[in-house]
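Descriptive analysis of the structure
Here are the chains, one letter per residue:
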Amino acid sequence: MTTMRYCVFTLILLISLQVSAQKENPANDPEAAALLQKVSEKYKAYKNIAANFLLVVQHPKLKPEDDDKKYTDTIKGQITLEQSKFRIGVKNQQIICDGKSIWTYIAAEKEVQLNTYEETEDMFSPSKIFTLYKEGYLYQVKEKKVVNGKHLTVLEMAPPNKKLTYFKIDITVEDESLQLVESKIYEKNGVRYIYKLTKQTPNVSTTDETFSFDVKKHPGVKLVDLR
């Protein structure tokens, strides 16, 4: 469930990124602030967005000479995000949230767990992002590079709460399209979570069923109500 927790947290952060220019921290990089504002305006104009992503989890190597592949896991997934609602699919798991309740469906076990959705500093809904930067995040331009002919800017962000399990996040933005293409979470335990958005489709068709789970429509699936 740790991986799925970070899927929720990081993808929402990556896709729903917002910045508050009105209460900008004086220590922040003005160039980074301007870019974040443009990205924010672009994504706020969408009713919703769907995306395919690639999650790469890098674990610390026990020996420097060890093969990196031995400590790297790669997972494909999809996310649909609409305001405080989201739906994430990774492997045989689905996490579905209507903003109030959250369902975790494990197909192989024919079980769905239902919980009340509660925001924390490690995992929160898109609405939390709207005030994230008012809460003291520091950000700056870390790097500019060209990959496959596309000009990219890497932004480094550090949370004000030093008790969190991560100490910084790198976010990569494509300069021309203003699309968010990658994020990297730096965990204090040495684990790195890298999310790459391989496809983004704004304003997709959704219904109430998109962000809820109806057990009656899944014969044989057991509901575990943990509320």
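The paragraphs below set out a description of the structure included in this document. The model shown is predicted, which means the values in this text are computed figures rather than measured ones.

Here we come to the packing of aromatic side chains. Enumeration over the complete set of coordinates arrives at five aromatic pairs. Between Y43 and Y46, the ring centres sit 5.7 Å apart and the planes meet at 80°, which makes this aromatic pair edge-to-face. Residue class for Y43 comes out buried when judged on its relative accessible area of 7%. Judged by its relative accessible area of 23%, Y46 is partly exposed. Ring centres of F167 and Y186 lie 5.8 Å apart, and the angle between their planes is 50°; this geometry places the pair in the tilted category. Note that F167 is positioned in strand β9 (residues 166–174) and Y186 in strand β10 (residues 180–187), a separation of 19 residues in sequence.

Let us look at the pattern of salt bridges. Counting across every chain of the model gives six salt bridges. When the shortest N-O distance is used, the salt bridge between E156 and K168 registers 3.1 Å. Residue E156 is located in strand β8 (residues 150–158), and its partner K168 is located in strand β9; the two are separated by twelve residues in the primary sequence. Of the two residues examined, E156 and K168, each falls in the buried class. Two residues, E209 and K217, come together in a salt bridge whose shortest N-O distance is 2.5 Å. In terms of burial, E209 and K217 fall into one category: exposed.

Rules used throughout
- Residues numbered from 1 in each chain as written.
- Predicted model: local features only at pLDDT ≥ 70, side-chain atom pairs only at ≥ 80, totals over all residues.
- Heavy atoms only, no water.
- Phe/Tyr/Trp six-rings, centres within 6.5 Å; stacked < 30°, edge-to-face > 60°.
- Buried < 20%, exposed > 50% of the residue type's maximum accessible area, 1.4 Å probe, protein only.
- Helix = DSSP H or I, 4+ residues; strand = E, 2+ residues; numbered from the N terminus.
- Salt bridge = Lys/Arg side-chain N within 4 Å of Asp/Glu carboxyl O.

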